[in-house]
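Notes for the structure review
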Protein chains: 2
Amino acid sequence: MLALRVNKKRLSIKNIQKPDRADEALVRVLLSGICNTDLEIARGYAGFKGTIGHEFVGVVEESTDRSLAGRRVVGEINAGCGKCDLCRAGDSRHCASRTVLGIVGRDGAHAEFLQLPVENLLLVPDKIPDEHAVFTEPLAAACGILERVQIDASDRVAVIGDGKLGLLCAQVVALSGADMLLVGKHSSKLRIAERRGIETATPRQAAKRKRQFDVVVEASGAATGFGLALDLLRPRGQLVLKSTFHGKTELDAARIVVDEVSIVGSRCGRFTPALDLLNKAALDVDSLISEEYPLSNGLHAMRRAGTRGVLKVLLRP
Amino acid sequence: MLALRVNKKRLSIKNIQKPDRADEALVRVLLSGICNTDLEIARGYAGFKGTIGHEFVGVVEESTDRSLAGRRVVGEINAGCGKCDLCRAGDSRHCASRTVLGIVGRDGAHAEFLQLPVENLLLVPDKIPDEHAVFTEPLAAACGILERVQIDASDRVAVIGDGKLGLLCAQVVALSGADMLLVGKHSSKLRIAERRGIETATPRQAAKRKRQFDVVVEASGAATGFGLALDLLRPRGQLVLKSTFHGKTELDAARIVVDEVSIVGSRCGRFTPALDLLNKAALDVDSLISEEYPLSNGLHAMRRAGTRGVLKVLLRP
């Protein structure tokens, strides 16, 4: 089968063996999405070697759970050991021995087939088209913010970054009824949020609103975004770190102590709330799709995904 | 009156005018305590100019509230504008226009007299000797941890730093029934905690217990303490930043996102819980007092307070 592989910062489309672990479900990929993390992994982040990709919708081909065969599914990307306290409590997202689809020790979704434990799979309601279902993973990550901080209609929230993740985060937070400001540099991307009734600003405009926000979500992945996020936060406010920076950033500890702010890391979310939002068509994900390519054109697709102004790029095996 | 003053990194004992604002209470200082923040201010932190010191117990000499005259008091150090939303809600600790005793725009406690708004003063119960009451402010700062994170008997907590602040934090947290580990480099200081039944470890010993703690309190003021604190934290754990670092430290954002940890700043606490603990003699503060000097010997006292191995140094006007 075809797969988009990385090895020592080298990307290639390879013809490899179909996965064949009998204890896991075999999923035929219908559509996969390129995430910024894929681009980082291609640059060497996490030292991953193998098939990349962790956003997908597919059809179960083989499974120990016969009822799943032929059904359309998405899959949570963390596969735990099943034995530690965290896994036994039903949440393998922080299992110390976990593998992560296309990120840590497990081949990923930019391929004709992938494997995941049966318990990672969730059925996709018929109403959700493939092109929306493929957003379940990044949308779950956006919903994950609400697992980490409480946000309600009385809060003032800013999201920094108008990329795919920022646009999903802004839409999810806006559903809470909170006052939302999306901060970004690209008017065409900001317009997607504006059409949903979300207020937007450039970083320069936002910088005038120092100390006015209860929660700021950093989704730009830039160190400058982190600095702006701190500036916008009120004393005792919460800064949600949603994207990782390349390398290290400087931390002014005195600022954190004197203003008693919190910096809260947020990674993967649960899929159920995301599927629920997609089923209700509660957000605009169509506008986030920039381009689609056949998997065989994956190298070009990766270059496009890394091009300024391009949002989600999909791959179809 | 005598006062310990700083001006452009120069410390001196000066004879200055008694404070005379009619709208505030005049307090005769009985005893004041030297805090590490005083040492930092003497090195130029916060650009403060004037009388330093913010830990004290005193007697009210003059006040618009007659009932206070002659009474023994301690005083919350943040004096707000009284008009902003925060002040009107009864908490001036984050008022944007606040002055702070001996730290921001207000002469402090290493003097024969000081002034504070009447509403900042709290009566000291008779049972509490001056030598304990002078710990109200730093003990309140330790109690402030519990305003910022929830800690109960099921939690595993580490405090990094065996200085005055670390020893107070460890004792306060231990009262919650949580499993407590105090991490420090000085066996004589660790022994103070051990006598209270608190487990202790050197940084090297603690480093073997990676990812085992629900909450880690950084009270060492060293960048190495911050790194160790992150290492000890379990996924989704909370790192309480209790002391400021000199300058900036490096932040590995990926670490915070992947492990979904929180970094929580904590500064001033409320005085009431601290006075309550002192009244119950619930902690050992006697062992934290290293030396006492007359205020006139303040320069020597400051040098001693900055000497390795020395804990609290008190000044008596």
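Cut-offs applied
Residues numbered from 1 in each chain as written. Chains lettered and ligands numbered in written order. Predicted model: local features only at pLDDT ≥ 70, side-chain atom pairs only at ≥ 80, totals over all residues. Heavy atoms only, no water. pLDDT = per-residue confidence, 0-100. Axes fitted to C-alpha atoms, helices over the stretch in contact; angles between N-to-C directions. Helix = DSSP H or I, 4+ residues; strand = E, 2+ residues; numbered from the N terminus. Parallel < 35°, antiparallel > 145°, perpendicular 65-115°, else oblique. Left-handed = near helix turned anticlockwise from the far one by under 90°. Contact = heavy atoms within 4.5 Å. Least-squares fit on C-alpha atoms with pLDDT ≥ 70 in both. Buried < 20%, exposed > 50% of the residue type's maximum accessible area, 1.4 Å probe, protein only. Domains from an automatic or database assignment. Buried area = accessible area lost by both parts, 1.4 Å probe. Salt bridge = Lys/Arg side-chain N within 4 Å of Asp/Glu carboxyl O. Polar contact = N/O pair within 3.5 Å; in protein donor to acceptor, adjacent residues only side chain to side chain. Nonpolar A, V, L, I, M, F, W, Y, C, P; charged D, E, K, R; others polar. Pairing = 2+ DSSP bridges. Phe/Tyr/Trp six-rings, centres within 6.5 Å; stacked < 30°, edge-to-face > 60°. Lys NZ or Arg CZ within 6 Å of the ring centre and 35° of its normal.

**Quick look at the confidence of the model for chain A**
For chain A, per-residue confidence averages 95 on the pLDDT scale, and residues scoring 70 or more make up 99% of the total. Among the scores for the predicted complex, ipTM is 0.92 and pTM is 0.93.

**Quick word on the packing of helix H4 (residues 136–143) of chain B against helix H6 (residues 164–174) of chain B**
Residues and elements named next belong to chain B. For the pair H4 and H6, interaxial distance at closest approach is 9 Å and the crossing angle is 55°. By the angle between their axes, H4 is oblique relative to H6. When the axes of H4 and H6 are compared, the crossing they make is right-handed. Contact residues: H4 offers Pro138, Leu139, Ala142 and Cys143, while H6 offers Leu165, Leu168, Cys169 and Val172.

**A look at the relation of the copies chain B and chain A**
With an axial shift of 0.0 Å and an RMSD of 0.0 Å, the rotation relating chain B to chain A amounts to 180°. Here the transformation between the copies is reduced to the relation of a two-fold axis. Of the residues that chain B buries at the interface, 100% are likewise interface residues in chain A, meaning the two copies contact each other through the same surface.

**Topic: H6 of chain B**
Counting buried positions along H6 of chain B gives nine out of 11 residues, so the element sits mostly inside the fold. Among the residues of H6 of chain B, Lys164, Gly166, Leu167, Leu168, Cys169, Ala170, Gln171, Val172 and Val173 of chain B are the ones counted as buried.

**A few points about the domain arrangement of chain A**
Residue and element names in this part refer to chain A. Domains assigned within chain A are domain 1 (2–140 + 269–316) and domain 2 (145–265). In this structure, domain 1 and domain 2 have C-alpha centres spaced 26 Å apart. The partner domain 2 presents 17 residues to the 23 residues of domain 1 that form the contact. Together domain 1 and domain 2 conceal approximately 1700 Å² of surface at their shared face, both sides included; 59% is due to carbon and sulfur atoms. Viewed at the interface, domain 2 and domain 1 are joined by one salt bridge. A salt bridge links glutamate 147 to arginine 93; the nearest nitrogen and oxygen atoms lie 2.9 Å apart. For the pair domain 1 and domain 2, the number of links is five residue pairs in polar contact (both at pLDDT 80 or more).

**Describing the interface of chain B and chain A**
Each side of the interface is counted separately: chain B has 34 residues, and chain A has 34 residues. Interface area for chain B against chain A, summed over the two sides, is near 3100 Å², with a carbon-plus-sulfur share of 58%. Viewed at the interface, chain A and chain B are joined by two salt bridges. Measuring nitrogen to oxygen at the nearest pair gives 3.1 Å for the salt bridge that ties arginine 236 of chain B to glutamate 147 of chain A. In this structure, the connection of chain B to chain A is made through 15 residue pairs in polar contact (both at pLDDT 80 or more). When residues of the side of chain B that touches chain A are traced back to their parent elements, those giving at least two are helix H5 (145–148), strand S15 (233–241), strand S16 (249–251), helix H10 (253–258) and strand S17 (262–265) of chain B. In terms of residue count, H10 of chain B provides more of the side of chain B that touches chain A than any other element does, five residues in total. Within the side of chain B that touches chain A, the residues separate by chemical class into 15 nonpolar, seven polar and 12 charged. The sheet contact formed by strand S17 (residues 262–265) of chain A and S17 of chain B spans three bridges and is antiparallel. In the strand pairing of S17 of chain B, serine 262 of chain A is matched with valine 264 of chain B.

**Some thoughts on the packing of aromatic side chains**
In total, this model carries zero aromatic pairs over all chains according to the counting rule given. Sitting over the ring of phenylalanine 113 of chain A, lysine 18 of chain A keeps its end group 4.6 Å from the ring centre.

**Notes on unusual backbone geometry**
The phi dihedral of lysine 9 of chain A falls on the positive side, at around 65°, and the residue is not glycine. Within the chain, glutamate 260 of chain B stands out as a residue other than glycine whose phi angle is a positive 50°. On the secondary structure map, glutamate 260 of chain B appears in the loop between H10 and S17. Judged by its relative accessible area of 1%, glutamate 260 of chain B is buried.

**Observations regarding helix H4 (residues 136–143) of chain A**
Residue and element names in this part refer to chain A. Burial of H4 is extensive: eight of the eight residues sit out of reach of the surface. Within the sequence span of H4, burial applies to Thr136, Glu137, Pro138, Leu139, Ala140, Ala141, Ala142 and Cys143. Packed against the buried residues of H4 are strand S5 (55–62), strand S6 (72–75), helix H3 (130–133), helix H5 (145–148), helix H6 (164–174) and helix H11 (271–279).

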